[in-house]
Amino acid sequence: MEGVAGLSTKWLVLISGSVAALGAAILFWFDPSQYAFYPHCIFHQVTGYLCPGCGGLRAIHQLLHGNLASAWHFNALLVASLPLLSLGGVVILWRRHFQRPVLGEFRLAWLWSGLAVIFVFGILRNVSFVAP
Amino acid sequence: MYKILGGDGREYGPVAADVIRQWIAEGRANAQTKVLPEGATEWKLLGGVPEFMGALGTVLAPPGVPGPIVAPAIAPRNNPLAIAGLVLGILALTLGICCYGLPFNVAGLIFSIIALVQINKDPQTQSGKGMAIAGLILSILSFLLAALLLILGLALSSSDFLKKLQNM
């Protein structure tokens, strides 16, 4: 079918899949805590506080090596939301391919709750008695 | 799939039978509303289509009283994905300092594009094209800002990087 930007679902899966695979390969072989070529968080450099995404790359590196505990330590929110994010990707592709709504219509409440979770996580991870 | 001819003379749809049943329940369509089944060439009255007898029966006026000809007053609804795309686009630019706005501009781009496709497919019941386009532009701007910051950061840390390479 004629899809987003003229791309068919097959190509969309192929492109996003290879980008994800390339990223995973880089993150698997090069530990972000060892190599300096990774982008650094500007928010962290300027303020010294951790942003909600800080430690994300290191967390993925640990996950790819099967270390769930240290991945959780680097960025708990990312580890917890990865299953949800992959489900979201599958749902979007599924809808495109079969032209049928899955999981009902998109609701704005999902967006607001997601943003609230990110915001609260960003605050809590900087509070010493929650995340020492 | 069916098309509906509104009391305002505009065509609505094509929509699924379930949607029409919902319109009947909401009083937007009734037995006198004209309907064009997919593949047919002639408009029929909704009351003459066996598929909708059940739905019409539950809201039918008492016998003898002519039913009011209610136009399907379908107000175009803002596409929720367009709103989401716009919100994410704004966040991508304002919170771009965290992770280069990456979660927000990627999601904003995806949501805005899906919203534009949905709105173009069904412009009579969905609005919010302006918001979707704004979300798209803001997300792309955020990507450009991210690229700029990335290059700036790399230029600043390239001296460190070279040192590390020499020590290897």
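Treat the numbers as computed from the prediction; the structure is a model and nothing was measured.

Criteria and thresholds
- Residues numbered from 1 in each chain as written.
- Chains lettered and ligands numbered in written order.
- Predicted model: local features only at pLDDT ≥ 70, side-chain atom pairs only at ≥ 80, totals over all residues.
- Helix = DSSP H or I, 4+ residues; strand = E, 2+ residues; numbered from the N terminus.
- Buried ≥ 20, exposed ≤ 12 C-beta atoms within 10 Å, placed from the backbone.
- Contact = placed C-beta atoms within 7 Å.
- Arc of directions from axis to C-beta.
- Pairing = 2+ DSSP bridges.
- Axes fitted to C-alpha atoms, helices over the stretch in contact; angles between N-to-C directions.
- Parallel < 35°, antiparallel > 145°, perpendicular 65-115°, else oblique.
- Left-handed = near helix turned anticlockwise from the far one by under 90°.
- Core = buried A, V, L, I, M, F, W, Y, C linked by C-beta atoms within 7 Å.
- pLDDT = per-residue confidence, 0-100.

Re the overall build of chain B
- For chain B, the helix and strand inventory stands at 5 helices and 6 strands.
- The secondary structure elements of chain B, listed N-terminal to C-terminal, are β-β-α-β-β-α-β-α-α-β-α.
- Classification of the 168 residues of chain B by burial places 32% in the buried group.
- At a minimum sequence separation of 6, the contacts of chain B that also span at least 24 residues come to 64%.

A few points about the overall build of chain A
- From N to C terminus, chain A includes 6 helices and 0 strands.
- Ordered by position from the N terminus, the helices and strands of chain A form the series α-α-α-α-α-α.
- Looking at chain A as a whole, 19% of its 132 residues qualify as buried.
- Within chain A, contacts between residues at least 6 apart in sequence are counted, and of these 42% link residues at least 24 apart.

What to know about the environment of B:D18
Residue and element names in this part refer to chain B.
- Tracing the backbone through its elements, the reader meets D18 in helix α1 (residues 17-25).
- Exposure remark for D18: the 9 C-beta atoms within 10 Å place this residue in the exposed category.
- It is 9.4 Å that separates the C-alpha atoms of D18 and F52, two residues lying 34 residues apart in sequence.

Remarks on α1(B)
Residue and element names in this part refer to chain B.
- Within α1, the full set of buried residues consists of I20, W23 and I24. For α1, the buried positions fall inside an angular range of 100° around the axis, keeping them on one side.
- Positioned one or two residues after α1, G27 has a phi angle of 80°, which is positive.

Considering the pairing of strand β3 (residues 34-37) of chain B
All names here are of chain B.
- Here strand β1 (residues 2-5) runs beside β3; their pairing, made up of 4 bridges, is antiparallel. Along β3, the bridge assignment pairs Y2 with P37.
- Looking at chain direction, β3 and strand β4 (residues 44-45) are connected through 2 bridges and run antiparallel. Its bridge partner being in β4, V35 is matched across the sheet by K44.
- Remark: 6 residues form the turn of the hairpin made by β3 and β4, two consecutive strands paired antiparallel; G39 in that turn has positive phi of roughly 95°.

A look at the interface of chain A and chain B
- At the junction of the two partners, chain A supplies 16 residues and chain B supplies 19 residues.
- Those elements that provide at least two residues to the side of chain A that touches chain B are α2 (42-47) and α6 (108-124) of chain A.

Digging into the packing of helix α3 (residues 80-94) of chain B against helix α4 (residues 102-121) of chain B
Residues and elements named next belong to chain B.
- Here α3 crosses α4 at 155°, and the two axes come no closer than 8 Å. On the basis of their axis angle, the class for α3 and α4 is roughly antiparallel. In this structure, the crossing between α3 and α4 has a hand that is left-handed. From α3, L81, A82, A84, G85, L88, G89, L91 and A92 reach across to α4, where they touch F104, N105, A107, G108, F111, S112, I114, A115, Q118 and I119.

Looking at the sheet that holds β4(B)
- Taken in spatial order, the 4 strands line up as β2-β1-β3-β4 (chain B) in an open sheet, and their pairing is antiparallel. Two strands in the sheet have a free side with no partner beyond their single neighbour: β2 (11-15) and β4 of chain B.

Brief notes about the nonpolar core
- B:L81, B:A82, B:L88, B:F111, B:A115 and B:A132 are the most contacted members of the largest nonpolar core, which has 30 residues in total.
- Looking at this core, the elements that each hand over two or more residues are α3, α4 and α5 (129-167) of chain B.
- Residues contacting B:L81, with those up to four places away along its chain left out, are A:F106, B:F111, B:I114, B:A115 and B:Q118.

Quick notes on the confidence of the model for chain B
- Summarising the model, chain B shows a mean pLDDT of 78, and 79% of its residues fall at 70 or more.
- Of all secondary-structure elements in chain B, the lowest mean pLDDT belongs to helix α2 (residues 53-59) of chain B, at 69, while α3(B) reaches the highest, 88.

Describing the pairing of β1(B)
Residues and elements named next belong to chain B.
- Here β1 shows one buried face, formed by Y2 and I4, and one open face, formed by K3 and L5.
- With 3 bridges connecting them, β1 and β2 associate as antiparallel partners. Looking at β2, one finds that I4 is bridged to Y12.

Focus on the confidence of the model for chain A
- Per-residue pLDDT for chain A averages 81, and the proportion of residues at 70 or more is 88%.
- Ranking the helices and strands of chain A by mean pLDDT puts helix α3 (residues 56-64) of chain A first, with 90, and α2(A) last, with 78.

Things to note about the environment of B:Q32
Residue and element names in this part refer to chain B.
- The residue Q32 is located in the loop between α1 and β3 in this model.
- Among the residues examined, Q32 registers 14 C-beta atoms within 10 Å and is labelled partly exposed.
- Once the C-alpha coordinates of Q32 and G48 are considered, the two residues, 16 residues apart in sequence, prove to be 9.0 Å apart.

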